[in-house]
Amino acid sequence: GGIITQTPKFLIGQEGQKLTLKCQQNFNHDTMYWYRQDSGKGLRLIYYSITENDLQKGDLSEGYDASREKKSSFSLTVTSAQKNEMAVFLCASSRDNQDTQYFGPGTRLLVL
Amino acid sequence: QQKVQQSPESLTVSEGAMASLNCTFSDGTSDNFRWYRQHSGKGLEVLVSIFSDGEKEEGRFTAHLNRASLHVSLHIREPQPSDSAVYLCAMSTDTGYQNFYFGKGTSLTVIP
């Protein structure tokens, strides 16, 4: 078994602030993902990475940067937080392109 | 346009009665479908993955896929109060690395 850890659990930011969310997995999975979950909108893919130093844009990449410096970690940066923004950011990993994605517990973002 | 539609939005069943959740999708070329469960405040837990028409059973969870009618369902046998959660349907059309589209979820409540 393995685990996906996301930090922080809760993130409160100011409008315009740059905010970074971190994700670690010990499955030794190659592929990692960042999703945004909004109430009433389901999950939307922001970025994914198929290996260390790789980045692929998802449907919602605008306003975000990502970084995969190590196989085990994948960071997401909100480049300029929007006021009244509230969402859950979910990190996931999978062994390869055919395998199931396993999800972390999420980071809850609130922008004041 | 939402690629994945789930129904109903919410469902209440009695403990032990079958629970049935539905998902329709807009792309008939999809070949990779997943049902996930999300307990309040937690990450996603994969329940069933299905890749071809027919039925796939994982414990008390059975998925039925009919690509001709653009429909995949999840049936939960003998649901328990601990099954109360949001259930998410996801599909991927990528033959390469997975870009999954998620539905908005069905909120299931199982009453004792």
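Residues numbered from 1 in each chain as written. Chains lettered and ligands numbered in written order. Predicted model: local features only at pLDDT ≥ 70, side-chain atom pairs only at ≥ 80, totals over all residues. Heavy atoms only, no water.

What follows deals with the overall build of chain B. For chain B, the helix and strand inventory stands at zero helices and eleven strands. In chain B, the succession of α and β elements from N to C terminus is β-β-β-β-β-β-β-β-β-β-β. At 13 Å, chain B has a C-alpha radius of gyration in line with the 13 Å of a compact globule built from 112 residues. Looking at the 112 residues of chain B, the share that counts as buried comes to 44%. Sequence separation of 24 or more characterises 55% of the internal contacts of chain B that already satisfy a separation of 6 or more. Total accessible area computed for chain B in this model is approximately 5100 Å², and 45% of it derives from carbon and sulfur atoms. (Helix = DSSP H or I, 4+ residues; strand = E, 2+ residues; numbered from the N terminus. Rg over C-alpha atoms; globule rule 2.2 N^0.38 Å. Buried < 20%, exposed > 50% of the residue type's maximum accessible area, 1.4 Å probe, protein only. Contact = heavy atoms within 4.5 Å. Areas by Shrake-Rupley, 256 points an atom, 1.4 Å probe, with all protein chains shown as cover.)

Residues and elements named next belong to chain A. Among the eight residues of strand β4 (residues 31-38), eight are classified as buried, and the element is accordingly described as predominantly covered. With seven bridges connecting them, β4 and strand β9 (residues 86-94) associate as antiparallel partners. Of the residues in β9, the one forming a bridge with tyrosine 33 is alanine 92. The antiparallel pairing of β4 with strand β5 (residues 42-49) creates a hairpin that spans three residues between the two strands, and glycine 40 there sits at a positive phi of about 80°. (Pairing = 2+ DSSP bridges.)

Next up on the list: the pattern of salt bridges. Under the counting rule described, the total for this entry stands at ten salt bridges over all chains. Of the charged contacts, one joins A:Asp38 and A:Arg44 as a salt bridge, the two residues approaching to 2.9 Å between their closest N and O atoms. Residue B:Lys56 pairs with B:Glu58 through a salt bridge whose shortest N-O separation is 3.6 Å. Relative accessible area serves as the criterion here: at 29%, B:Lys56 is assigned to the partly exposed category. Residue class for B:Glu58 comes out partly exposed when judged on its relative accessible area of 36%. Each of the salt bridges in this network shares a partner with another, and the network as a whole consists of A:Arg36, A:Asp38, A:Arg44 and A:Glu85. (Salt bridge = Lys/Arg side-chain N within 4 Å of Asp/Glu carboxyl O.)

When the parts of a complex come together, some accessible area is lost, and that lost area is often taken as the interface size. Taken residue by residue, the interface counts 22 residues in chain B and 25 residues in chain A. Approximately 1800 Å² of surface area, both sides summed, lies buried where chain B meets chain A, with 49% of it carried by carbon and sulfur atoms. Where chain B meets chain A, there are zero salt bridges. Viewed at the interface, chain A and chain B are joined by two residue pairs in polar contact (both at pLDDT 80 or more). Put simply, the parts of the chain that give the side of chain B that touches chain A at least two residues each are β4 (32-38), β5 (44-50) and β10 (100-102) of chain B. Of the residues assigned to the side of chain B that touches chain A, the class counts are eight nonpolar, ten polar and four charged. (Buried area = accessible area lost by both parts, 1.4 Å probe. Polar contact = N/O pair within 3.5 Å; in protein donor to acceptor, adjacent residues only side chain to side chain. Nonpolar A, V, L, I, M, F, W, Y, C, P; charged D, E, K, R; others polar.)

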